[in-house]
Amino acid sequence: MTAAKMIDDKLVQGTTRRGFLLRGAVGGAAVTLGLPILDAFLDNNGTAFAATLGGGNLPVRFGTWFWGCGMIPDRWVPKAAGANYDLPPQLAPIKDVRQHISVLSGFNVSLGSRGNLPHLSGNTGVRTGGAADDWLAIRAPTLDVLIADAIGGGSFFRSLDLSADGNTRTSYSFRDSRTMNPTVPSATEFYRKIFGGDFQDPNKADFKPDPRVMVRRSVLSGVTDRRHALLNSVGASDRARLDQYFTSVREMEDKLALQLQKPPPAEACAIPAEPAALKAGADITDVEQRKQNHKLMSQMLAMALACNQTRVFNMSFSTAASDLRQAGNTTGYHQITHEEMVDRSIGYQPTVDFYTLRNMEAWADFVAAMAAVKEGDGSLLDNMLVFAHSDVSYAKNHDVQGIPVMLAGSAGGKVKTGIHVAGAGEPISRVGLTVQRAMGLPTESWGLDDMNTKRSVSEILV
């Protein structure tokens, strides 16, 4: 018998979408009190809602984590495949979270007949399944957009995009070549976006819809018929522009609709304190300052996910042509990848090695922030799949063969963790196809041209 069956259904009513309510009466009038997600509401495994309370799994989230300028292959790629992979020097920072992370090496981006536009071709190959040699030549949505379209509709934000470098244009999420998803560039702005005036505390007992929201929603709904008529009366080019605009309108309607409903309770949701703004003149190209900003944003994002504000996100630690530098040094990481000579006494570029280690420290911080939030019988990370990657492998040559990829989290038990898969030159689109399928998309094939594939990376699927 599950714990949930021990609760009298005359006392508790609810669904996994609208939340759980405690029934009662005051002065003869029926009243209800919102409840958090209790262990008693879950099945024996603690991984799904009990059948007696509507069933359904805990929400599974998807996200990407990006860092620029790759790695040094001989110091990053594990020698052993499978479980309990070794940690080469540049993976040493993930030691404490290795059990949550799978490493995928040796997967390639094919350029076909296109040139290699540094820091773009590899990135678009990973995220869209087809390399582009111009920003306006991006031919397909990035995989996060495809996943958000499938699973993002039931949350307040279809997706959340963050950049730790302070620039709203550091984004690698595109619906098409002209439609980039801008990022939130600071922890303070992100806090206000998530936990500001529109935030509905999922664990607050009382709930009253805001009349202003009701008016705004009725105004948007009132133009539906005219919207369709307008679309039918314009040419193809204008129709495409209007469709992009109305997509944003539809997302606003969804947000307004959610504000008129009491959000489902979320046991792990704890509203954090608003972080202090960066000091005037703070230089977040300084790699240590960047790591601090990123760590704070990661903690804010973890709470946003735990509070069911979104199910899809993108986090950029740095730009593709990474702008990171050390305090007191005017030469940036990207420039160093090309100008620093290989030290023959050690066989690699020592300063490039330094920055790669800092990137991996930031990645470990991110994974740890997600793993620290308890949810059900496990953690928030257990109910996530994070797809981490760079834009090149060896930045000195802008190499797009063997671009580093890591996966964190098990997607609610669908993905294995703690293993190394050696791709041996297989197309990197196989990884993108795999994560889409793990997130429940019925994707038969994915990728463009000679990167189109129907084959998942079966080694990481449960």
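Residues numbered from 1 in each chain as written. Predicted model: local features only at pLDDT ≥ 70, side-chain atom pairs only at ≥ 80, totals over all residues. Heavy atoms only, no water.

K.L.:
Even after reading the chapter, I still don't get the overall build of the chain, so can you show me in this structure?
P.N.:
If you tally the helices and strands in the chain, you get 11 helices and 15 strands. By the burial criterion, 50% of the 462 residues in the chain qualify as buried. Across the chain, the fraction of contacts at a sequence separation of at least 24, relative to all contacts at a separation of at least 6, is 70%. Of the roughly 20,300 Å² of accessible surface on the chain, a fraction of 52% belongs to carbon and sulfur atoms. (Helix = DSSP H or I, 4+ residues; strand = E, 2+ residues; numbered from the N terminus. Buried < 20%, exposed > 50% of the residue type's maximum accessible area, 1.4 Å probe, protein only. Contact = heavy atoms within 4.5 Å. Areas by Shrake-Rupley, 256 points an atom, 1.4 Å probe, with all protein chains shown as cover.)

K.L.:
For this particular structure, what's the right way to read helix α4 (residues 187-195)?
P.N.:
One turn of the α-helix equals 3.6 residues, which is why residues spaced by three or four share an orientation. Listing the buried residues of α4 in full gives A187, T188, F190, Y191, I194 and F195. Relative to the axis of α4, the buried residues are bounded by an arc of 160 degrees and lie together on one face. Looking at the buried side of α4, the elements it contacts are β7 (160-163) and α8 (287-306). (Arc of directions from axis to C-beta.)

K.L.:
What am I meant to see in the sheet that holds strand β5 (residues 82-83) here?
P.N.:
Consider a sheet: its strands pair through backbone hydrogen bonds, and that pairing is either parallel or antiparallel. Spatially, eight strands are ordered β5-β15-β6-β14-β13-β4-β10-β7 in an open sheet, and the strand pairing comes out mixed. Of all the strands in the sheet, the pair left with one neighbour each is β5 and β7. Judged from the six bridges that link them, strand β4 (residues 61-66) and strand β13 (residues 384-389) form a sheet pairing that is parallel. The residue bridging R61 from the neighbouring strand is M384, located in β13. Lying on the sheet, helix α2 (residues 121-128) is in contact with β4, β10 (312-316) and β13; it crosses β13 at an angle near 160 degrees. (Pairing = 2+ DSSP bridges. Axes fitted to C-alpha atoms, helices over the stretch in contact; angles between N-to-C directions.)

K.L.:
Which parts of the structure should I look at to understand the side chain of T319?
P.N.:
Tracing the chain through its elements places T319 in the loop between β10 and α9 (333-339). On the basis of relative accessible area, T319 is assigned to the buried category, the value being 18%. Contact partners of T319, with chain neighbours within four places excluded, come to F66, G68, D165, T170 and Y172.

K.L.:
Could you clarify how one ought to interpret the packing of α4 against α8 in this entry?
P.N.:
Relative orientation and spacing of two packed helices are given, respectively, by the angle between their axes and the distance between those axes. Following both chains from N to C, one finds α4 and α8 inclined at 10 degrees, their axes separated by 9 Å at the closest point. Comparing the axis directions of α4 and α8 gives the class roughly parallel. Where α4 abuts α8, its residues A187, F190, Y191, I194 and F195 lie against N293, L296, M297, M300, L301, M303 and A304. Looking at side-chain class alone, the contact of α4 with α8 contains 11 nonpolar, one polar and no charged residues. (Parallel < 35°, antiparallel > 145°, perpendicular 65-115°, else oblique. Nonpolar A, V, L, I, M, F, W, Y, C, P; charged D, E, K, R; others polar.)

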